[in-house]
Amino acid sequence: MRRRHLLAAPALLTAVAGLPAAAQGTPTIVTEEFMVPVGEGIEVFVRSKRPDGATTGASRTLLMVHGAGFGASSSFDLPFGGLSWVDYIAGRGFDVWTLDVRGFGRSTRPPALSQPADQNPPVARGEQAMADLAAAVAFIRQRRGLEKLVLLGHSWGTKLVGRLAAENPAQVERLVLYAPPWLRDGPSRTDPGGGPLGAWRPLTQQAARQGILAQAPEDKRAALIPPGWFEHFAGVTWAQDPDGIRASPSVLRIPNGPVADGREYWNAGRPWWEPAKVTAPALVVVGEWDRTTPPPLCFAAFAELTQSPGKRMVVLAEGTHNMWMERNRGTLFQAVQVFLEEAVA
């Protein structure tokens, strides 16, 4: 484990349309970054933001895990309009952590991502990702002296945090499943379709933007993402791929492990994790325009949470799969925050 740095900076509590006012005062937010060893040369990047001097416990310690496209460090913790989702939660008194799974964001990029895609099997299969998550959780629990913490996953990340919650209930205080996939009749929107899968697939910035906008009704697309937000996100995210950024046009080499898992399990009618074993309170949240994990799939996952006390599901108006970057992100932040702060109360 290597500690990157320790920073102190004013909390970013800039007003965002639709968000409730922050707590009284402006706390100083402490940022910590670490590379946590997993084994076999793999280190995963984790970042924490928390109010300086605040007392946090299991119900106020949150780990956020990304989906199958982009790392958490350049999505959940990238400021848009001066405020990231992590900034918002930390500004309300939480110790917020993000995890980049191997091959994503600032974590170790396995050698296969620098080689022709067809020379290696898919990178970051589910079992590898679970090892990364388990290492991050163990590190946080040890560093903060906690038995439990709160887990939040987005899309593919919900499979990871959900499985950990199901198999290790003593480590999970609460569970947030943001756009969880479930059994489906056809391939996911991220599956390149047909044929064998290589280690990675290329994604251009133009294709990523079109993929987000295409989920919304045509007359709503122009206003879906505020001006400059996608460009800011793409500039930071694509720069994290040292090989793809040199291509013309530049590409992001995305690990194909999640797609391979989808073909082997979700497309074949085989669940990869068991929601019925989750005994922590759980929230399922999804945007109404999400075409990657449409609300019916999320309802199906919600129905499987048979042992989760006080479970609830929220469908948010006018949001797609990447609502954390859209103009209505405030409703997402609010829905999750109500659930988080309910635990504290």
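Residues numbered from 1 in each chain as written. Predicted model: local features only at pLDDT ≥ 70, side-chain atom pairs only at ≥ 80, totals over all residues. Heavy atoms only, no water.

**Looking at the overall build of the protein**
The condition that has to hold: Numbering of helices and strands runs from the N terminus, with a helix taken as a DSSP run of H or I at least four residues long and a strand as a DSSP run of E at least two residues long. In this treatment the radius of gyration is a C-alpha quantity, and the globule benchmark scales as 2.2 Å times the residue count to the 0.38 power. Relative accessible area decides the class of each residue, using a 1.4 Å probe on protein chains only: under 20% of the type maximum gives buried, over 50% gives exposed, and in between gives partly exposed. Surface accessibility in these figures is a Shrake-Rupley result with a 1.4 Å probe; residues are shielded only by whichever protein chains are displayed. Asp and Glu count as negative and Lys and Arg as positive, but His and the ends of the chain are not part of the count. Here the site of a charge means atom NZ of a Lys, CZ of an Arg, CG of an Asp or CD of a Glu.
For the protein, the count of helices and strands is eight helices and eleven strands. In terms of overall size, the protein behaves like a compact globule, its C-alpha atoms giving a radius of gyration of 19 Å where 345 residues would be expected to give roughly 20 Å. Summarising its shape, the C-alpha atoms of the protein cover approximately 55 × 50 × 45 Å along the three principal directions. Out of the 345 residues belonging to the protein, those deemed buried represent 57%. Element-wise, carbon and sulfur atoms account for 53% of the exposed surface of the protein, whose accessible area totals about 13400 Å². Side chains of the protein give 35 positive and 32 negative charges; the mean places of these two sets differ by 2 Å.

**What about the layout of surface pockets?**
Here is the rule we go by: A cavity here means a set of 1 Å grid points, computed over protein atoms only, where a 1.4 Å probe fits but cannot escape. A pocket is an open set with protein on both sides within 12 Å along at least 5 of 7 lines, and lining residues have an atom within 4 Å of a point. Grid points are joined across faces, edges and corners, and a volume is the space filled by probe spheres set on the points.
In this structure, the largest pocket occupies an estimated 620 Å³ of space. In terms of lining, the largest pocket is formed by 32 residues, of which the most central are Gly-69, Thr-190, Arg-201, Thr-292 and His-321. Of all the secondary structure elements, the ones that give two or more residues to the lining of the largest pocket are helix 3 (156-167), strand 8 (200-204), helix 4 (205-213) and helix 6 (257-264). With four residues, helix 4 is the largest single contributor of residues to the lining of the largest pocket.

**Examining the pairing of strand 6 (residues 149-154)**
Our working rule: Criterion used throughout: strands pair if DSSP finds at least two bridges between them.
Among the six residues that make up strand 6, six are buried, leaving the element largely enclosed by the rest of the structure. Note that strand 4 (residues 61-65) and strand 6 share four bridges and pair parallel. By the bridge assignment, Val-65 is partnered in strand 6 with Gly-153.

**As for the confidence of the model for the protein**
Residues shown with low pLDDT carry predicted positions that ought not to be read at fine detail. Just so we agree on the cut-off: The pLDDT value tells you how sure the predictor is about a given residue, anywhere from 0 up to 100. In what follows, a contact means two residues having at least one pair of non-hydrogen atoms within 4.5 Å.
Put simply, the protein has an average pLDDT of 91, and 92% of its residues get 70 or more. Here residues 2-24 is modelled with pLDDT under 50, and outside its nearest four sequence neighbours on either side it reaches 57 contacts, counting other chains as well.

**Thoughts on the packing of aromatic side chains**
Filter applied, for reference: Two rings from Phe, Tyr or Trp (for Trp, the six-membered ring) form a pair when their centres sit within 6.5 Å of each other. Planes less than 30 degrees apart are called stacked, planes more than 60 degrees apart edge-to-face, and all others tilted.
A complete count under the given rule lists 16 aromatic pairs for this structure. A centroid spacing of 6.1 Å and a plane angle of 80° characterise the contact between Trp-97 and Phe-139, whose relative ring orientation is edge-to-face. With Trp-97 in strand 5 (residues 95-100) and Phe-139 in helix 2 (residues 126-144), the pair connects residues that are 42 residues apart, well separated along the chain. Note on accessibility: Trp-97 and Phe-139 belong to one class, buried. Aromatic pair Phe-233 and Trp-324: ring centres 5.4 Å apart, planes at 65°, arrangement edge-to-face. With Phe-233 in helix 5 (residues 229-238) and Trp-324 in the loop between strand 11 (312-316) and helix 8 (329-344), the pair connects residues that are 91 residues apart, well separated along the chain. For the pair shown, Phe-233 and Trp-324 are each scored as buried. Through a chain of ring-to-ring contacts, three or more aromatic side chains come together here, namely Phe-70, Phe-230, Phe-233, Trp-238 and Trp-324.

**Quick look at empty space enclosed by the protein**
Note the threshold: The nonpolar class holds Ala, Val, Leu, Ile, Met, Phe, Trp, Tyr, Cys and Pro. Asp, Glu, Lys and Arg form the charged class, and all remaining residues, Gly among them, are polar.
Tallied over the full model, the rule gives one cavity of 30 Å³ or more. In this structure, the largest cavity encloses a volume near 80 Å³. In terms of lining residues, the largest cavity is bounded by 14 residues, among which Gly-69, Gly-103, Phe-104, Gly-105 and Leu-252 are the most central. Looking at which element gives the most residues to the lining of the largest cavity, the answer is strand 9 (residues 251-255), with four residues. Of the residues contributing to the lining of the largest cavity, the split by class is five nonpolar, six polar and three charged.

**A word on helix 5**
At 3.6 residues per turn, the α-helix brings residues three or four places apart onto the same side. What counts here: It is the directions from the helix axis to the C-beta atoms that the arc portrays.
Burial in helix 5 covers these residues: Trp-229, Phe-230, Phe-233, Ala-234, Thr-237 and Trp-238. Considered in projection along helix 5, the buried side chains sweep an arc of 130° and stay on one side of the axis.

**Digging into the packing of helix 4 against helix 5**
What counts, and what does not: Fitted lines through C-alpha atoms give the axes, limited to the stretch in contact for helices. The angle between two N-to-C directions lies from 0 to 180 degrees. Throughout, the term roughly parallel applies to angles under 35 degrees, roughly antiparallel to angles over 145, roughly perpendicular to angles from 65 to 115, and oblique to all others. By definition, any crossing whose near helix is turned counterclockwise from its far helix by less than a right angle is left-handed, and any crossing with a clockwise turn is right-handed.
Two elements in contact, helix 4 and helix 5, have axes whose closest approach is 11 Å; the angle formed by their N-to-C orientations is 135°. Comparing their axes, helix 5 and helix 4 come out oblique. Here helix 4 and helix 5 pass one another in a crossing that is right-handed. Here Gln-205, Ala-208, Arg-209 and Ile-212 of helix 4 lie close against helix 5, whose contacting residues are Phe-230, Glu-231, Ala-234 and Trp-238.

**What to know about the nonpolar core**
Going by this rule: What we call a nonpolar core is a set of buried Ala, Val, Leu, Ile, Met, Phe, Trp, Tyr and Cys residues that are connected through their side-chain atoms within 4.5 Å.
Leu-63, Trp-85, Leu-133, Trp-324 and Leu-332 are the most contacted members of the largest nonpolar core, which totals 101 residues. At eight residues, the largest contribution of residues to this core is made by helix 2. Those residues in contact with Trp-85 that sit more than four places away from it in its chain are Met-64, Phe-76, Leu-152, Tyr-178, Trp-324, Leu-332, Phe-333 and Val-336.

**Observations concerning helix 4**
Listed as buried for helix 4 are Ala-208, Ile-212 and Leu-213. Down the axis of helix 4, the buried set is contained in an arc of 125°. They therefore lie on one face. Along its buried surface, helix 4 packs onto strand 8 and helix 5.

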